[in-house]
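Take a look at the letters that make up each chain.
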Amino acid sequence: MSIMKKAKIPGLYRLHRADRNKVNLTYLSAFRNYPKLMTAFPGERERLFALEATLRYYTAYDMTYGAAFSLDENVHEAVMLVHSDDMNYTLARHIAAGSYCREYRKVMRLLSKKDRALRIALFEELDRLEAGVDIPRPHIYLDFLGVDEKYQHQGRGRRLMTEVCRYADNKELPIMLFTNTKDDIRFYESLGFKIIGKTASQKFGFTNTYLLYGI
């Protein structure tokens with residue numbers, strides 16, 4: 001059983017397996033210009049397929065071994081939380097989580113063999129770079145905070161994160177995340193996060209800024 005299997009955050013709706021399609025649709029809207037994919041996939045069609053495959057793959061894992069939350073059951077915004085002790089991304093665990101579900105396989109078939117290999121190489125590069133960042137353990141890893149484009153600039157992300165930070169304070173655990181844009185960095189710093197490291201990929205043209213809350 002994952003450490004956050006029964007996690008509850010007052011005031012937030014915990015997502016269930018039946019909510020996966022809702023959260024993936026929200027994320028597809030929120031991350032359509034995902035920085036890490038922009039250079040690797042300059043064509044919008046290929047980029048959106050790579051994005052959908054990535055979201056379906058990782059959200060299945062996060063919702064199985066962690067916990068996902070929204071403001072309500074409409075899931076116009078969402079965030080994934082995984083305890084660092086459960087971030088053991090093995091093939092067996094991904095299979096058990098449903099990361100290779102029918103919808104994932106369907107969208108992967110829409111990518112060329114070259115693009116599928118490129119997507120894998122991109123995330124292998126991310127893991128390689130992250131290995132050089134000094135990240136304290138244990139921590140709560142915050143993955144994919146996103147708000148549907150139609151509902152952005154309404155304070156939804158801040159309301160969601162305020163409750164998540166309060167939960168981390170009560171558990172006496174720091175929150176770690178990484179992001180790619182100056183606007184995101186300013187947003188997280190306004191919540192009390194501090195920068196703990198940066199990595200850059202010349203091959204794929206992205207820079208990750210790592211932030212920690214609760215230090």
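Chains are numbered independently. Their residues run from 1 in the order of the written sequence. Note on the predicted model: pLDDT of at least 70 is required for a residue's local features to be given, and 80 or more for side-chain atom pairs to be given and counted; whole-chain, interface and lining totals, by contrast, use all residues. Side-chain calculation: all heavy atoms of the structure are included, whereas hydrogens and water are not.

A. Molecular detail of the pairing of strand β6 (residues 194-201). Only when DSSP finds a minimum of two bridges between them are two strands counted as paired. Going along the chain from the N terminus, every DSSP run of H or I of four or more residues is numbered as a helix, and every run of E of two or more is numbered as a strand. When β6 meets strand β7 (residues 206-213), the two strands line up antiparallel, connected through seven bridges. In the sheet register, Lys194 faces β7, and the bridge partner there is Leu212. Turn length for the β6-β7 hairpin, with the two strands adjacent in sequence and antiparallel, is four residues, and the turn residue Gly205 shows positive phi of about 70°.

B. Representation of the pairing of strand β3 (residues 77-83) within the structure. Residue exposure (1.4 Å probe, protein chains only): buried if accessible area is under 20% of the type maximum, exposed if over 50%, otherwise partly exposed. Across the seven residues that make up β3, a large majority, seven, are buried. Residue alternation in β3 divides its side chains into two sets, Glu77, Val79, Leu81 and His83 and Ala78, Met80 and Val82, and both sets are buried. Here strand β2 (residues 67-70) pairs with β3 via three bridges, running antiparallel. Residue Ala67 lies in a different strand from β3, and its bridge partner there is Leu81.

C. The arrangement of the environment of Asp72 in detail. By the secondary structure assignment, Asp72 is in the loop between β2 and β3. Distance in space between the C-alpha atoms of Asp72 and Tyr13 is 5.0 Å, their sequence separation being 59 residues. Working rule for contacts: check all heavy atoms of both residues, and any pair within 4.5 Å makes them a contact. When residues no more than four places from it in sequence are discounted, the contact partners of Asp72 are Tyr13 and Glu77. Pairing of N or O atoms within 3.5 Å defines a polar contact, subject to two protein rules: one partner must be a possible hydrogen donor and the other a possible acceptor, and residues neighboring in sequence count only if both atoms are side-chain atoms. Polar side-chain contacts of Asp72 include one of 2.8 Å to the backbone nitrogen of Asn74.

D. Layout of a positive patch on the surface. By definition, no residue in a patch forms a salt bridge, and every one has over 30% relative accessible area; like charges are joined within 9 Å, nonpolar side chains (Val, Leu, Ile, Met, Phe, Trp, Tyr) within 5 Å. Calculation of accessible area relied on Shrake-Rupley with a 1.4 Å probe; when residues are assessed, cover is drawn exclusively from the protein chains displayed. By salt bridge we mean one thing: a side-chain nitrogen of Lys or Arg within 4 Å of a carboxyl oxygen of Asp or Glu. The charged-residue count follows a simple rule in which Lys and Arg add positive charge and Asp and Glu add negative charge, with His and chain termini not counted at all. Charged groups are reduced to one reference atom each: NZ for lysine, CZ for arginine, CG for aspartic acid, CD for glutamic acid. Taken together, Arg102, Arg105, Lys106 and Arg109 make up a surface patch of like positive charges. Counting through the fold element by element, Lys106 comes out in helix α5 (residues 102-108). With relative accessibility at 55%, the residue Lys106 sits in the exposed group.

E. Looking closely at the packing of helix α7 (residues 156-171) against helix α8 (residues 182-190). Between α7 and α8, whose axes approach to 11 Å, the crossing angle comes to 45°. Classified by the angle between their axes, α7 and α8 sit oblique to one another. Crossing angle aside, the handedness with which α7 passes α8 is right-handed. Seen from α7, the contacting residues are Gly157, Arg158 and Met161; seen from α8, they are Phe187, Tyr188 and Ser190. As a working rule, the residues Ala, Val, Leu, Ile, Met, Phe, Trp, Tyr, Cys and Pro are called nonpolar, Asp, Glu, Lys and Arg charged, and the rest polar, with Gly in that last group. Of the residues contributing to the contact of α7 with α8, the split by class is three nonpolar, two polar and one charged. To obtain each axis, a line is fitted to C-alpha atoms, and for helices this fit is confined to the stretch in contact; angles are then taken between N-to-C directions over 0 to 180 degrees. Here the word oblique covers every angle except those under 35 degrees (roughly parallel), over 145 (roughly antiparallel) and from 65 to 115 (roughly perpendicular). A crossing counts as left-handed when the near helix is turned anticlockwise from the far one by less than a right angle, and as right-handed when that turn is clockwise.

F. A look at the layout of surface pockets. The rule is simple: put a 1 Å grid over the protein atoms alone, call a set of points where a 1.4 Å probe fits but cannot get out a cavity, call an open set with protein on both sides within 12 Å along at least five of seven lines a pocket, and count a residue as lining if it has an atom within 4 Å of a point. Grid points are joined across faces, edges and corners, and a volume is the space filled by probe spheres set on the points. The volume enclosed by the largest pocket comes to roughly 950 Å³. Taken together, the elements giving at least two residues each to the lining of the largest pocket come down to α1 (20-30), α2 (35-38), β4 (140-147), α7, β5 (175-179) and α8. A per-element tally of the lining of the largest pocket places β4 first, with seven residues. Space inside the second largest pocket adds up to approximately 740 Å³. Taken together, the elements giving at least two residues each to the lining of the second largest pocket come down to α3 (44-65), α4 (91-97), α6 (113-130), β4 and β5. Considering only residue class, the lining of the second largest pocket consists of 18 nonpolar, four polar and seven charged.

G. Molecular detail of a nonpolar patch on the surface. On the surface, Leu91, Ile95 and Tyr100 cluster together into a nonpolar patch covering about 290 Å² of accessible area. Residue Ile95 is classed as exposed on the basis of its relative accessible area of 52%.

Everything listed here is a matter of geometry and, on its own, says nothing about what the molecule does.
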